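So the chains spell out like this:
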Amino acid sequence: MTRVLPDRVVIISDFSHVRGGASKLAVTEAGLLVAQGVAVTFFCGDDVGDLPASVEAVALNGKTLLEAGKAAAAVNGLWNRAAHRILSDWIDLNDTPRTIYHVHGYQQTLSPSVLGPLSQVRTRVVMHAHDYFLACPNGAFFDFQSSTTCTKQPLSMSCVTRHCDKRNYPQKLWRVSRQSIQNSARARLLPEATTLLIHRDMERYLFPRGTKGRIRVIPNPAKPLLPAPIHAEDNHDMVYVGDIHTYKGVELLARAGRQAKLSIRFLGAGQDLEALRAAYPEHRFDGWQTREGLAAAMADARLLVSPTLGPEPFGLAPAEALLSGIPVLLSDSMLLAKSIQQADMGMSFTAGHFDGLVHMLEWLAHDDQLIGTLSRNAADQGHTLSLSQTEWGAALLAVFKELLVDQLEAVV
């Protein structure tokens, strides 16, 4: 392959402040590319946040949908005129044949309007699927009213008429409108645009009937929480790390822990934290933790439990736990579950199945030999599920180079 680097990578992200997985990866990418000598422009919907000094920021200084007033959120969330105009102007003034546009997220501040200007540079557009918003109106293929995975075809009549939203049915209808607008704008980018998946099995959710555009799979980066893998069989703590939200299966886990007569250690914050703490006082609720706090807790972990109810595409907590020699117990709705169980690094149970979770907790709490085997396998093979930051940056750059080479060959 011809050695060619982008002139510049334009990273498009709702946030330049780290406010979740997608924004963290967008900011991380900016730093990795700059270190490789690639110029970076960060186009974001908030103000200038956690960016390296050498990164050019184009910041809209906007608010998230939840922070904005209802009327403004309803309009700008569907089509943010300012985002469309500013990105279009930037492209007109600065685009080169070797500029890459990498879209990380636009659901919170930017809106699908950013896809409009990208149609003129679509051969150099990469869209990163961190979740399921490319297909599903609520981004999760999850019915928040019934607490079950949704199998309906997105935007079908059965989808549109089903109240599955976290809040209310009018909100669902608004999401359906946004999805329709997004789908129309994205269609103008295909088949030239490239979609990045963080797990191969996302494809069957996002594109069950196939897609016209090219797809590449790049696992998320992860790094060990501990300096060296531990012997998990020496520990006793059953640990949950993440958002304290019913969708994540935390109430199911708390109830199963009570039935198994085990105290679960919950690390994280979220809208259901106080209710869970009040209902299950026998468990330990340590709240949100810094990375140092997580490391201290995980040094005492016997098992990490990820009981999510919906089809989560990647779990950073399980990936980092495995790298530290900590086995994991996951619901089978997590896309990582099959690979983890096949490699004997952890176990799985049927998502939402109370008795199955109780059984697994009781078993793994007392079987030191099994935990020891899982712990050693995790330390040896945990790296197969994720990339180091350096590997992740190199994988992104390889995709960008591929696009530029294809474009050069098309011209020739």
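Our subject is the structure that appears above.
Cut-offs used in this document
- Residues numbered from 1 in each chain as written.
- Predicted model: local features only at pLDDT ≥ 70, side-chain atom pairs only at ≥ 80, totals over all residues.
- Heavy atoms only, no water.
- Core = buried A, V, L, I, M, F, W, Y, C linked by side-chain atoms within 4.5 Å.
- Buried < 20%, exposed > 50% of the residue type's maximum accessible area, 1.4 Å probe, protein only.
- Helix = DSSP H or I, 4+ residues; strand = E, 2+ residues; numbered from the N terminus.
- Contact = heavy atoms within 4.5 Å.
- 1 Å grid on protein atoms, 1.4 Å probe; cavity = no way out; pocket = protein on both sides within 12 Å on 5 of 7 lines; lining within 4 Å.
- Points joined across faces, edges and corners; volume = space filled by probe spheres on them.
- Nonpolar A, V, L, I, M, F, W, Y, C, P; charged D, E, K, R; others polar.
- Pairing = 2+ DSSP bridges.
- Axes fitted to C-alpha atoms, helices over the stretch in contact; angles between N-to-C directions.
- Right-handed = clockwise from strand over helix to strand, strands pointing away.
- Salt bridge = Lys/Arg side-chain N within 4 Å of Asp/Glu carboxyl O.

Engineer: Can you help me understand the nonpolar core in this one?
Structural biologist: Here is a general trend for soluble globular proteins: nonpolar side chains tend to be buried in one another's company. Counting residues in each nonpolar core, the largest one holds 66 residues, and the members touching the most others are Ile12, Phe43, Val114, Leu118, Val125 and Leu206. In terms of residues, this core owes the most to one element, helix 11 (residues 316-323), which gives 5 residues. When neighbours within four sequence positions are excluded, Val114 is seen to be in contact with Ile12, Phe43, Ala83, Leu87 and Tyr106.

Engineer: Explanation requested: unusual backbone geometry in the structure shown.
Structural biologist: Comment: phi is negative for the bulk of residues other than glycine, and the bulk of peptide bonds are trans. Omega for the peptide link from Leu190 to Pro191 comes to 5°, which places this bond in the cis form. Structurally, Pro191 is set in the loop between helix 6 (169-187) and strand 8 (194-197). The backbone phi angle of Lys261 is positive, close to 60°, even though this residue is not glycine.

Engineer: For this particular structure, what's the right way to read the layout of surface pockets?
Structural biologist: The gaps left among the atoms become clear once a water-sized probe is rolled over them. The space that makes up the second largest pocket amounts to roughly 460 Å³. Together, 18 residues line the second largest pocket, and Leu134, Ala135, Asn183, Leu206 and Phe207 are the ones closest to its centre. Contributions of two or more residues to the lining of the second largest pocket are made by helix 6 and helix 7 (202-206). With 4 residues, the single largest contributor to the lining of the second largest pocket is helix 6. Its residues assigned to classes, the lining of the second largest pocket comprises 10 nonpolar, 5 polar and 3 charged.

Engineer: Could you clarify how one ought to interpret the sheet that holds strand 5 (residues 125-129) in this entry?
Structural biologist: Within a beta sheet, neighbouring strands are joined by backbone hydrogen bonds and run either parallel or antiparallel to one another. Taken in spatial order, the 7 strands of this open sheet run 3-2-1-4-5-8-9, and their pairing is parallel. Because the sheet does not close on itself, it has two edges, and the strands there are strand 3 (56-59) and strand 9 (214-217). The mean angle between the axes of side-by-side strands here comes to 20°, regardless of whether they run parallel or antiparallel. Taken together, the 4 bridges between strand 8 and strand 9 define a ladder with parallel strand orientation. Looking at strand 9, one finds that Leu197 is bridged to Val217. Contacts from helix 1 (residues 21-35) reach strand 1 (8-13), strand 2 (39-44) and strand 4 (99-103) within the one sheet, and its direction differs from that of strand 1 by about 165°.

Engineer: What's the story with the pairing of strand 12 (residues 284-287) in this structure? I'm lost.
Structural biologist: Consecutive side chains along a regular strand alternate between the two faces of the sheet. Burial along strand 12 is one-sided: Phe285 and Gly287 are buried, and none of Arg284 and Asp286, which face the opposite way, are. Pairing analysis gives 3 bridges linking strand 11 (residues 264-267) to strand 12, with the strands arranged parallel. Note on strand 12: the bridge partner recorded for Leu267 is Gly287. Crossover strand 11 to strand 12 through helix 9 (residues 273-279) is right-handed.

Engineer: So what exactly am I meant to see when it comes to the pattern of salt bridges here?
Structural biologist: Two side chains with opposite charge may pair up if their charged atoms get near one another. A full pass over the atoms with the stated rule returns 18 salt bridges. A salt bridge links Arg255 to Glu251, with the nearest nitrogen and oxygen atoms 3.6 Å apart. With Arg255 and Glu251 both in helix 8 (residues 250-259) and 4 residues apart, the pair spans about one turn of that helix. Arg255 gets classed as partly exposed once you look at its relative accessible area, which sits at 34%. Through salt bridges with shared partners, a single network forms among Asp237, Arg265, Arg284 and Asp286.

Engineer: Quick question: what am I supposed to make of empty space enclosed by the protein here?
Structural biologist: The tally for this structure, following the rule as stated, stands at 1 cavity of 30 Å³ or more. Roughly 90 Å³ of volume is contained in the largest cavity. Lining the largest cavity are Cys136, Pro137, Asn138, Phe141, Phe142, Cys150, Lys152, Pro154, Cys159, Arg162, Cys164 and Lys172.

Engineer: What am I meant to see in the pairing of strand 5 here?
Structural biologist: Taking burial as the measure, the 5 residues of strand 5 include 5 buried ones, the bulk of the element. The side-chain alternation of strand 5 yields two buried faces, one formed by Val125, Met127 and Ala129 and the other by Val126 and His128. Relative to strand 5, strand 4 runs parallel, the two being bridged by 3 bridges. Note that in strand 5 the partner of Val103 across the bridge is Met127. As judged from the 4 bridges shared by strand 5 and strand 8, these two strands associate in the parallel manner. Counterpart to Met127 in the pairing with strand 8 is Thr195.

Engineer: Any chance you could explain the sheet that holds strand 14 (residues 328-331) here in plain terms?
Structural biologist: Read across the open sheet, the 6 strands follow the order 12-11-10-13-14-15; overall the sheet is parallel. Among the strands making up the open sheet, the edge pair consists of strand 12 and strand 15 (346-349). Averaged over all pairs of adjacent strands, the angle between strand axes in this sheet comes to 25°, irrespective of strand direction. One ladder, built from 4 bridges, connects strand 14 with strand 15; its direction is parallel. Of the residues in strand 15, the one forming a bridge with Leu329 is Met347.

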